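Summary of the model geometry
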Amino acid sequence: MTCPEGRQARFDVSAVQLRKAAEVRFTTCAECPSRGKCANAAAGRRIKIHPYEPEIAAERKRQATSEFRELYAKRAGGERIISHLTRHGARRARFIGIFKVWGQEVLAALNHNVKAFLRLAAAAG
């Protein structure tokens, strides 16, 4: 790891590979001219590294691709519909029995669709 002043500190890479948290400590922060910008602790700057940091970094890189954006656009639309349905009563079953619960889900979807149609009709004028 490198601090804003260019000083480097090392951490135990094998700890991250074994799914243990690692910590980077900069010991030269006491005499650093930029100390007020990056570290307030008396012992200097400390950075904790998540045990799953390699996987997190790989996912961040994958999220920057156009394939991910296309897939996420579809997912975001679906999650929006699920959110609407939960607000219209689809979160919790009010009845016992699979047919009755299915009927409740259908009514929640119908409620959502009617409200969406009325919004479109009102917008069209």
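What you see is a predicted model, and the numbers here were worked out from it, not measured in a lab. Residues take numbers from 1 onward in each chain, read along the sequence in its written order. Totals for whole chains, interfaces and linings use every residue, but because this is a predicted model, local features are given only for residues with pLDDT of at least 70 and side-chain atom pairs only at 80 or more, for both listing and counting. By convention in this description, side-chain values take in all heavy atoms of the structure and omit both hydrogens and water.

Once that is clear, we can look at the nonpolar core. Core analysis: the biggest nonpolar cluster contains 10 residues, these being C3, A9, A15, V16, A22, V24, F26, C29, A39 and I49. Breaking this core down by element, the ones donating at least two residues are α1 (13–17) and β1 (22–25). Residue contacts are defined here by distance: any two heavy atoms, one from each residue, within 4.5 Å place the two residues in contact. Once residues within four sequence positions are removed from consideration, A9 is found in contact with M1, V24, R25 and F26. Nonpolar cores are built from buried Ala, Val, Leu, Ile, Met, Phe, Trp, Tyr and Cys residues. Side-chain atoms within 4.5 Å join them into one set. Only protein chains enter the accessibility calculation, which uses a 1.4 Å probe; a residue whose area is less than 20% of its type maximum is buried, one above 50% is exposed, and one in between is partly exposed. We count a stretch as a helix when DSSP gives it H or I for four or more residues in a row; a strand needs E for two or more, and each element gets its number in order from the N terminus.

A word on a nonpolar patch on the surface. Taken together, L107, L110, V114, F117 and L118 make up a surface patch of nonpolar side chains, about 530 Å² in accessible area. Along the polypeptide, L107 turns up in helix α5 (residues 98–124). The patch calculation keeps residues exceeding 30% relative accessible area without a salt bridge and links them within 9 Å when they carry like charges or within 5 Å when they are nonpolar (Val, Leu, Ile, Met, Phe, Trp, Tyr). Every accessible area reported is derived by Shrake-Rupley at a probe size of 1.4 Å, with residue values counting cover from the shown protein chains alone. Note on definitions: salt bridges are taken to be side-chain nitrogens of Lys or Arg within 4 Å of carboxyl oxygens of Asp or Glu.

As a further point, take the packing of helix α4 (residues 66–90) against α5. Here α4 crosses α5 at 115°, and the two axes come no closer than 9 Å. Of the possible angle classes, the one that applies to α4 and α5 is roughly perpendicular. The element α4 and its partner α5 pack so that their crossing is right-handed. Contacts between α4 and α5 involve I81, H84, L85, H88, G89 and A90 on the former and, on the latter, Q104, E105, A108, A109, N111, H112 and K115. Along the lines of polarity and charge, the residues of the contact of α4 with α5 split into 5 nonpolar, 6 polar and 2 charged. For helices, the fitted axis covers only the stretch in contact; all axes are lines through C-alpha atoms, and the angles between them, taken along N-to-C directions, range from 0 to 180 degrees. Orientation labels follow simple angle bins: below 35 degrees gives roughly parallel, above 145 gives roughly antiparallel, 65 to 115 gives roughly perpendicular, and whatever is left gives oblique. Crossings are classed by handedness, with left-handed meaning an anticlockwise turn of the near helix from the far one by less than a right angle and right-handed meaning a clockwise turn. Side-chain classes follow a simple rule in which Ala, Val, Leu, Ile, Met, Phe, Trp, Tyr, Cys and Pro form the nonpolar group, Asp, Glu, Lys and Arg form the charged group, and the remainder, Gly included, forms the polar group.

The next thing to look at is the packing of aromatic side chains. What counts as a ring pair is set by centres within 6.5 Å for rings of Phe, Tyr and Trp (its six-membered ring), and what kind of pair is set by the plane angle: stacked under 30 degrees, edge-to-face over 60, tilted for all other angles. One pass over the structure, following the stated rule, counts 2 aromatic pairs. Look at F68 and Y72: their rings are 5.7 Å apart centre to centre, the planes differ by 20°, and that puts the pair in the stacked class. Placement of the pair is F68 and Y72 together in helix α4, with a separation of 4 residues, close to one helical turn. A residue is classified by how much of its surface remains accessible, and F68, at 17% relative accessible area, is buried.

In an α-helix, one full turn covers 3.6 residues, which means residues spaced three or four apart are oriented alike. Those residues of α4 lying buried are F68, G77, H84, H88 and A90. Next to the buried residues of α4 lie α3 (53–63) and α5.

Turning our attention to α5. The span you would expect from a helix comes to 1.5 Å times its residue count less one. Along its 27 residues, α5 runs 39 Å from first to last C-alpha, staying within 8% of the 39 Å computed at 1.5 Å per residue. The set of residues buried in α5 consists of Q104, A108, H112 and A116. Directly beyond the C-terminal end of α5, a positive phi value near 95° is found at G125.

For the rest of this paragraph, the subject is the confidence of the model for the protein. In the predicted model, the protein carries a mean pLDDT of 85, and 100% of its residues have values of at least 70. By mean pLDDT, the top-scoring element of the protein is α3 (92), and the lowest-scoring one is helix α2 (residues 35–38) (76). As a per-residue measure, pLDDT reflects the predictor's confidence and takes values from 0 up to 100.

A few words on the pattern of salt bridges. Under the defined criterion, the tally for this structure stands at 5 salt bridges. With its nearest N and O atoms 2.8 Å apart, the salt bridge here joins E23 to R25. In this structure R25 comes out as partly exposed when scored by relative accessible area, which is 45%. Taking the shortest distance from any N to any O, the salt bridge between E53 and R60 comes out at 3.6 Å. Through salt bridges with shared partners, a single ionic network connects E23, R25 and R46.

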